[in-house]
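Residues per chain, in single letters:
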Number of protein chains: 4
Amino acid sequence: MSEHKLEQQWTPELLEFHEELQSKNMGPLWASVFSSSQPTPRAIPYLWKKQLILDMLEKAKNLLQVGTGSIDRRAVYLVNPGMKYLQPHGWGGATQTLYAAVQALNPGEIAPPHRHMTSALRFIMEGKGASGVVNGVKYNFEPGDYVITPEWCWHDHINEGDETVLWMDCLDIPFTSALTSSFFEMYPASQQPIDFPEDYGTKRYAGGMVRPISDRKPSPAPLGRYTWDLTKQAIDGQSQFEPDPYDGFAVEYINPSTGKDANGRIGARMQGLPVGFKGKAHRHTHSSVYVVHKGKGYTVINGERFDWEAGDFFVVPVWAVHEHVNTSETEEAFLFSTNDLPIMELFGFEREEAYSENEGYQVIEKVFEPEFAEGSVVIK
Amino acid sequence: MSEHKLEQQWTPELLEFHEELQSKNMGPLWASVFSSSQPTPRAIPYLWKKQLILDMLEKAKNLLQVGTGSIDRRAVYLVNPGMKYLQPHGWGGATQTLYAAVQALNPGEIAPPHRHMTSALRFIMEGKGASGVVNGVKYNFEPGDYVITPEWCWHDHINEGDETVLWMDCLDIPFTSALTSSFFEMYPASQQPIDFPEDYGTKRYAGGMVRPISDRKPSPAPLGRYTWDLTKQAIDGQSQFEPDPYDGFAVEYINPSTGKDANGRIGARMQGLPVGFKGKAHRHTHSSVYVVHKGKGYTVINGERFDWEAGDFFVVPVWAVHEHVNTSETEEAFLFSTNDLPIMELFGFEREEAYSENEGYQVIEKVFEPEFAEGSVVIK
Amino acid sequence: MSEHKLEQQWTPELLEFHEELQSKNMGPLWASVFSSSQPTPRAIPYLWKKQLILDMLEKAKNLLQVGTGSIDRRAVYLVNPGMKYLQPHGWGGATQTLYAAVQALNPGEIAPPHRHMTSALRFIMEGKGASGVVNGVKYNFEPGDYVITPEWCWHDHINEGDETVLWMDCLDIPFTSALTSSFFEMYPASQQPIDFPEDYGTKRYAGGMVRPISDRKPSPAPLGRYTWDLTKQAIDGQSQFEPDPYDGFAVEYINPSTGKDANGRIGARMQGLPVGFKGKAHRHTHSSVYVVHKGKGYTVINGERFDWEAGDFFVVPVWAVHEHVNTSETEEAFLFSTNDLPIMELFGFEREEAYSENEGYQVIEKVFEPEFAEGSVVIK
Amino acid sequence: MSEHKLEQQWTPELLEFHEELQSKNMGPLWASVFSSSQPTPRAIPYLWKKQLILDMLEKAKNLLQVGTGSIDRRAVYLVNPGMKYLQPHGWGGATQTLYAAVQALNPGEIAPPHRHMTSALRFIMEGKGASGVVNGVKYNFEPGDYVITPEWCWHDHINEGDETVLWMDCLDIPFTSALTSSFFEMYPASQQPIDFPEDYGTKRYAGGMVRPISDRKPSPAPLGRYTWDLTKQAIDGQSQFEPDPYDGFAVEYINPSTGKDANGRIGARMQGLPVGFKGKAHRHTHSSVYVVHKGKGYTVINGERFDWEAGDFFVVPVWAVHEHVNTSETEEAFLFSTNDLPIMELFGFEREEAYSENEGYQVIEKVFEPEFAEGSVVIK
């Protein structure tokens, strides 16, 4: 809707007038208004290979140390080529609302505590021995876990193991940056005190759609870590039925005290694509960032094929037609994704539309060629 | 608040005037108003022995058959002695809002489908082989399961096994009866068609605080049956921490699409009282009906001791001080209970107060003597 | 729904069993359940003449004085003949949820402050010089005004003029009495301190659908008194359009900080029936208590005609078919009414149905004969 | 929060690495993160003189005609100098969320109907004879009126009088543009059919905080036009009390069916500053666009003085300290303003803080020099 009409149609007199307006900090509505009837995202469909990200983090590991006096977080974030125009004044994210990054924490490192109005979440990709403290509860990180730090919760991370631990970070920085209304605070010590037993929330939600009676009142994070084994069990429970035509066997993480998305303004899902799954195409107004948890396949977005395997990231922008395919003949694929559906719903912006042409499957017009690091030995 | 002042204080002239008012379908506020500053329930603390209920159901089994042409449901319900004044015009329940009953379904019997604006729920006490259909989903009943039929959902039951199956029914009949605004409908066949795979909801919620993405929109019963094994697992998860001082390790069942009580207007809980548990006393404005799922112990209510064991029912009225004790030296006790907390909260009526005298424990002034059936051989 | 089946159908053996159950504080569901598919109110359509009420208040004025050491409120309340069964243990109101009364305050009298969880409202019928203090704001009473004292707000009344002032009181006592969860408190002085300018809320809401910015946060009574002149102006604004077929030109009073009913759990309306208005019939699950503010006419309820004029009260029970008629050839009629619609909506109980027979108008089968006081000279 | 750290602190090696990241569509979190603890708006305090805007519209009137085949709307909009970086890919508004413009409609012109997901509102500045149709209701425009067209409502304008009519338009284009999720639709005719009597909503809300009973269900625009006379009456009602220390006598327009802001995502206020009013300073996280309806004075924003008179526009960005002063000795000043408070509140972003230094008044460090059009004869 905010796309500007081409200037060509205007007379020289009008073009001069438009320039005068601009010089007076004004603009001509007639040359700007509403040229498109449908959402026109500036973010584009894109994919980042795990190997590229790892190569970058490797460099970062050699150049920078995490902890007091050094940097606070060692994370490289994904910049959607279509959102670069916002730099350096605004914030170019993976989509128009979502920041996504991969963070690496080396053995012995401590990422000191802070809190902010932006919501944050983590999806643990690789490595054991790290943990995070969220508002006084220490949560251990295992691959496949989903860990939340909703707005204004203190959080810090530590790696007490002996291997590098990698996770995806997702925040709504581009959104809060657009509103320019955020607050940020450093904790006055290098670590928070731990006020509760380890994995307190996770152990109290060990089974069933039931809630400890003390958690009846809405709170931001009664359950801070959603373990992979319980999520997997939930997906397996569904797998005796028909998969969703677009998303396979998909679940979303919920806050047990509200029934809404676990992380407030950012939705998160895990979806299992069974062997042979060939999803139908659809589009919706919310945008998503995917990280491949397990398996191999591709996603067709607006007619372009994005091949993926474990550890790769890709984005589906607003209103982009997309379909997922598992290409393995033996293994289920698992995609973890985050989205801005809670924001869209809050404003009544959410719409969804099935792709109706070609029996619901897009024609692949193009195959995406991913970037790799210079000098990286890529086995394609 | 609605207790009426004693008439003794009035002059003969006024007493005559009060009678005139009554004859004209009016009343004197000054003789009625607000004599008490605190809730004064008419329901009293009470306990029904399992054996009494079973004896009654045994008689009912011999006298009545369930199914088309016969009676619809074979259930005997609990009438609080303090609520009898409502009969026969209103409805005397177990508490001022809650109806509670035990239903027996014999092998081969079918309790035909109907629906109503009253909310209904079941807690399976004994027996296997029965099942219920709720809005087209068939749920199998196992002891310890919690099964819901929220308002206006079609429901019917069948016993396809070879033993009698017993369950607790709880509805908010006294509440909807007081509002006199309820609707009821018989299904035009002896059984509903089954539109979904068996135990559909239960299998789709097999683990984790996650929700199939198709259940994001609020609906009355995305999950219709909460199995005992998952509930037990949840309680076990808590049991490595400190129990709640009043209620031990207690969970409430939630509707995953809303985060509110599974059954809308009726809350339900399972609480585990560990060996040696001696709860502190408190009171609250909501009332509860308990059925003992496992174990042995007693509850002190307003200074009176109510001894209980598996299968017994007891009620804690509005604002009654109460504390629970597990008297077994070897076994955890489990109490299932229903309550009107959702109704109280909706109106802002809920208040809670710890008992502060005597270090938080009541002095037992009286021991309750339960009723038994005539001729029943009671081993005390 | 709670109507009990007739006992005649049962065998002597069963009847004996039912009695045994009763003696054991139990009941047979099969003899009680769900005999009616539609709401079956126990309250009946009824009308109280103004003259009867005035005669009763006259007696009360001679016998009782309001103020400290005497009675707190001089009010006679309306008891629906169908709700008498609740006395003396429960509370028989004008409908199943609503208490309605007429209160008389003589010159010089002070009705001392108290507060309660029941919601209260007043509609000023006659007389000037009285006022009420609600949470520190003094509101002057004029005929036609609607004045609220939502739950837990301190309120007291004083008559500083030289004539008796009459008003209708409406509270949800029967409802809160059925829940038995209410609290009540006397103020520790004979009058509240006045913390705000006179008629503070009313003056701050002098015009327009706008709100002082300080009232943005929901609060129980930002506006405590809705004056007749503004309400009249609102109804006049509508009167250039088509009236509602059932209710004429009708408005409901709203709390500007929430957009919901001014008094929380009790709805209130003023409706203008233009000259010649002959409303169509319908029914709904909420019940209403009407007081005629001005004019003359009748209402047909379930086929019975209830003639009314200014000062008369009548009730429309749950689900009763009703239609209003203005019989004056010169004057608009105004009906003030209160209802339990907020309660019904909160639980999803509200339904409405147009009367479809006889072109939407009931056949009058009966004319109601009202009661008068003994010795009262009635000019019919 | 999204401000980027200066690059100077990094080693050449790291700077090279940052460039590599950028070339791979990635970024270094450590060089970007969270440098500021408080909101750092990119929009700056700014003021546009009425005369400048009128001069621009005069040029536009000579160059462009409104209606089918020509341009749809003749409006010049305000571009905050701090938001220009968003052009041409995004949308630079008056603040980070709000678009503001002045629209001129000449006698005989018709601005054809369309609808969009962006919310729109109008404040009528000058001229009579114009009107707008919103979802089938025609509303006449008078100076001082507030007229709404919430999201997805059809709206068109016509000038049937003989003078140019000017109004302020405000939409949340920058916000919806940042989300890139908006839809837009042209109406398939040059005017909508008119389905209701003229000024239907306005006449039905002629007085009192009451609502026609048919408007009980939430809807986007039961009242489409808030007339100046009723708004003035509301402000006058407050003026016998103490003004708000920051905002004088201020009201916000509400939707009677919800109690929330009349226009959903955009708040709107009218505030009266009495003679001699010297407001205290404060700041809040929502941003505002002001248009001076009547009177003369100045506003100090972050230490800079902005002098204003009727017809001038100015903006108060997020978290900017500001205070208003009426400098007239005889006339009350009236400021109309729009804000993004509804958006901030929806996300829990709203905070407010009183300015505590210097007894609550800022020291004026600078006086703003406004822009004028070339060749414009400015009488200062």
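Residues numbered from 1 in each chain as written. Chains lettered and ligands numbered in written order. Predicted model: local features only at pLDDT ≥ 70, side-chain atom pairs only at ≥ 80, totals over all residues. Heavy atoms only, no water.

Participant: Mind showing me how you'd approach the overall build of chain A here?
Facilitator: Check the secondary structure of chain A and you find 6 helices and 25 strands. In terms of C-alpha radius of gyration, chain A reaches 22 Å, essentially the compact-globule figure of 21 Å for 380 residues. Here the C-alpha coordinates of chain A stretch approximately 70 × 50 × 50 Å along the principal axes. Within the span of chain A, comprising 380 residues, buried residues form 64% of the whole. Put simply, of all contacts in chain A between residues at least 6 apart along the chain, 77% involve residues at least 24 apart. On chain A, roughly 13,200 Å² of surface is accessible, and the fraction owed to carbon and sulfur atoms is 50%. Counting 33 positive and 51 negative side-chain charges, chain A places the centres of these two groups 3 Å from one another. (Helix = DSSP H or I, 4+ residues; strand = E, 2+ residues; numbered from the N terminus. Rg over C-alpha atoms; globule rule 2.2 N^0.38 Å. Buried < 20%, exposed > 50% of the residue type's maximum accessible area, 1.4 Å probe, protein only. Contact = heavy atoms within 4.5 Å. Areas by Shrake-Rupley, 256 points an atom, 1.4 Å probe, with all protein chains shown as cover. Lys, Arg positive; Asp, Glu negative; His and termini not counted. Charge placed at Lys NZ, Arg CZ, Asp CG, Glu CD.)

Participant: Explain the interface of chain D and chain C here, please?
Facilitator: One frequently used descriptor of interface size is the decrease in accessible area upon assembly of the parts. Contacts between the two partners involve 38 residues from chain D and, on the opposite side, 38 residues from chain C. Of the roughly 3,600 Å² buried between chain D and chain C on both sides combined, carbon and sulfur atoms contribute 61%. Taken as a group, Met209, Ile213 and Arg216 of chain D account for 24% of the area that chain D buries against chain C, more than any other trio of residues on that side. In this structure, arginine 211 of chain C and glutamate 252 of chain D form a salt bridge, with 3.1 Å as the shortest nitrogen-oxygen distance. Remark: the boundary between chain D and chain C carries 16 residue pairs in polar contact (both at pLDDT 80 or more). (Buried area = accessible area lost by both parts, 1.4 Å probe. Salt bridge = Lys/Arg side-chain N within 4 Å of Asp/Glu carboxyl O. Polar contact = N/O pair within 3.5 Å; in protein donor to acceptor, adjacent residues only side chain to side chain.)

Participant: How should I be thinking about helix H1 (residues 12-23) of chain D in this particular structure?
Facilitator: Residues spaced three or four apart along an α-helix point in a common direction, a consequence of the helix completing one turn every 3.6 residues. Relative to the 16 Å expected for 12 residues at 1.5 Å per residue, H1 of chain D spans 17 Å between its end C-alpha atoms, a close match to the ideal helical length. Here H1 of chain D has its buried residues at Leu14, Phe17, His18, Glu20 and Leu21 of chain D. Angular distribution of buried residues about the axis of H1 of chain D spans 160 degrees; they occupy a single face of the element. Turned more than 90 degrees away from the buried face of H1 of chain D sit Pro12, Glu16 and Glu19 of chain D, all of them exposed. Residues of H1 of chain D that are buried sit in contact with helix H2 (50-63) and strand S3 (75-78) of chain A together with strand S1 (26-28) of chain D. Downstream of H1 of chain D by a residue or two, asparagine 25 of chain D has a phi angle that is positive, lying close to 65 degrees. (Expected span 1.5 Å × (residues − 1). Arc of directions from axis to C-beta.)

Participant: How should I be thinking about the sheet that holds strand S11 (residues 165-171) of chain B in this particular structure?
Facilitator: Strand-to-strand pairing in sheets goes through backbone hydrogen bonds, with the strands running parallel or antiparallel. Spatial ordering of the open sheet is given by S14(B)-S9(B)-S6(B)-S11(B)-S4(B)-S3(B)-S1(C), a layout of 7 strands whose pairing is antiparallel. Only two strands of the sheet have a single partner each, and these edge strands are strand S14 (225-226) of chain B together with strand S1 (26-28) of chain C. Sheet analysis places strand S3 (residues 75-78) of chain B next to strand S4 (residues 99-105) of chain B, joined by 3 bridges and oriented antiparallel. Within the sheet, the bridge partner assigned to alanine 75 of chain B lies in S4 of chain B and is glutamine 103 of chain B. The strands that helix H1 (residues 12-23) of chain C touches are S3 of chain B together with S1 of chain C; relative to S1 of chain C, the one it contacts most, it runs at about 150 degrees. (Pairing = 2+ DSSP bridges. Axes fitted to C-alpha atoms, helices over the stretch in contact; angles between N-to-C directions.)

Participant: What is the right way to read the relation of the copies chain D and chain C from this model?
Facilitator: Two copies of a chain can be linked by a rotation about an axis combined with a shift along that same axis. With an RMSD of 0.0 Å, chain D superimposes on chain C once it is rotated by 180 degrees and translated 0.0 Å along the axis. With respect to symmetry, the two chain copies, as superposed, fit the operation of a two-fold axis. For chain D, the minimum C-alpha distance to the rotation axis belongs to glycine 259 of chain D and amounts to 1.8 Å. With an isologous cut-off of 70% or more, the 100% of interface residues of chain D that recur at the interface of chain C puts this contact in the isologous class. (Least-squares fit on C-alpha atoms with pLDDT ≥ 70 in both.)

Participant: Help me understand the pattern of salt bridges, please; the structure alone is not making it clear to me.
Facilitator: Think of it this way: side chains of opposite charge can pair up when their charged atoms draw near. All names here are of chain D. Under the defined criterion, the tally for this structure stands at 99 salt bridges over all chains. A salt bridge links glutamate 151 to arginine 265, with the shortest nitrogen-to-oxygen separation between them at 2.2 Å. Linking glutamate 151 in the loop between strand S9 (146-149) and strand S10 (155-159) with arginine 265 in the loop between strand S15 (249-253) and strand S16 (267-273), this pair joins segments that are 114 residues apart in sequence. Look at glutamate 151 and you get partly exposed, because its relative accessible area is 25%. By relative accessible area, arginine 265 is classed as buried at 7%. Linking aspartate 215 and arginine 204 is a salt bridge whose minimum nitrogen-to-oxygen distance equals 3.1 Å.

Participant: Whenever I open this one, the UniProt feature "domain: Cupin type-2" (unreviewed entry) in chain A confuses me. Can you help?
Facilitator: Those places that UniProt annotates as "domain: Cupin type-2" (unreviewed entry) correspond, in this numbering, to residues 102-169 and 272-333 of chain A. In residues 102-169 of chain A, the share of helix is 0% and the share of strand is 60%. The end C-alpha atoms are 6 Å apart. (UniProt positions renumbered as here; feature names shortened; annotations may be inferred.)

Participant: Would you take a moment to explain the packing of H2 of chain A against H1 of chain D for this structure?
Facilitator: Describing two packed helices takes the angle between their axes plus the distance from one axis to the other. It is at 11 Å that the axes of H2 of chain A and H1 of chain D come closest, and there the two elements cross at 165 degrees. Of the possible angle classes, the one that applies to H2 of chain A and H1 of chain D is roughly antiparallel. Where H2 of chain A crosses over H1 of chain D, the two elements pack in a sense that is left-handed. Together, Met56, Lys59, Ala60 and Leu63 of chain A of H2 of chain A and Glu13, Leu14, Phe17, Glu20 and Leu21 of chain D of H1 of chain D make up the contact between the two elements. By residue class, the composition of the contact of H2 of chain A with H1 of chain D is 6 nonpolar, no polar and 3 charged. (Parallel < 35°, antiparallel > 145°, perpendicular 65-115°, else oblique. Left-handed = near helix turned anticlockwise from the far one by under 90°. Nonpolar A, V, L, I, M, F, W, Y, C, P; charged D, E, K, R; others polar.)

Participant: Hey, could you run me through the relation of the copies chain D and chain A in this one?
Facilitator: Overlaying chain D on chain A yields an RMSD of 0.0 Å, the required transformation being a rotation through 180 degrees with an accompanying axial translation of 0.0 Å. A symmetric contact is evident, with 100% of the interface residues of chain D recurring at the interface of chain A.

Participant: Before we go on, may I ask you to explain the packing of aromatic side chains in this structure?
Facilitator: Here the structure, examined in full by the defined rule, presents 96 aromatic pairs over all chains. Ring centres of tryptophan 154 of chain A and tyrosine 187 of chain A lie 4.9 Å apart, and the angle between their planes is 80 degrees; on these two criteria the pair is classed as edge-to-face. Pair noted here: tryptophan 154 of chain A is in the loop between strand S9 (146-149) and strand S10 (155-159) and tyrosine 187 of chain A is in the loop between strand S12 (184-186) and helix H4 (200-204), with a separation of 33 residues, a long-range link. Note on tryptophan 154 of chain A: relative accessible area 14%, which makes it buried. Through a chain of ring-to-ring contacts, three or more aromatic side chains come together here, namely Phe175, Phe347 and Phe349 of chain A together with Phe175, Phe347 and Phe349 of chain D. Positioned over the ring face of tyrosine 298 of chain A is arginine 305 of chain A, at 5.3 Å from the centre of the ring. (Phe/Tyr/Trp six-rings, centres within 6.5 Å; stacked < 30°, edge-to-face > 60°. Lys NZ or Arg CZ within 6 Å of the ring centre and 35° of its normal.)

Participant: Mind showing me how you'd approach the interface of chain D and chain A here?
Facilitator: Taken residue by residue, the interface counts 89 residues in chain D and 89 residues in chain A. Together, the buried faces of chain D and chain A total about 8,100 Å²; carbon and sulfur atoms form 68% of this surface. Linking chain D with chain A are 4 salt bridges, by the criterion used here. Lysine 24 of chain D is the partner of glutamate 371 of chain A in a salt bridge, and the nearest nitrogen-oxygen pair spans 3.2 Å. Across the chain D-chain A interface, the total number found is 32 residue pairs in polar contact (both at pLDDT 80 or more). Those elements that place two or more of their residues in the side of chain D that touches chain A are H1, S1, strand S2 (46-48), helix H2 (50-63), strand S3 (75-78), strand S5 (110-116), helix H3 (173-179) and helix H6 (341-346) of chain D. Classifying every residue of the side of chain D that touches chain A by side-chain character gives 50 nonpolar, 25 polar and 14 charged. Both S3 of chain A and S1 of chain D contribute to a ladder of 3 bridges, which runs antiparallel. Bridge pairing in S1 of chain D links valine 76 of chain A to proline 28 of chain D.

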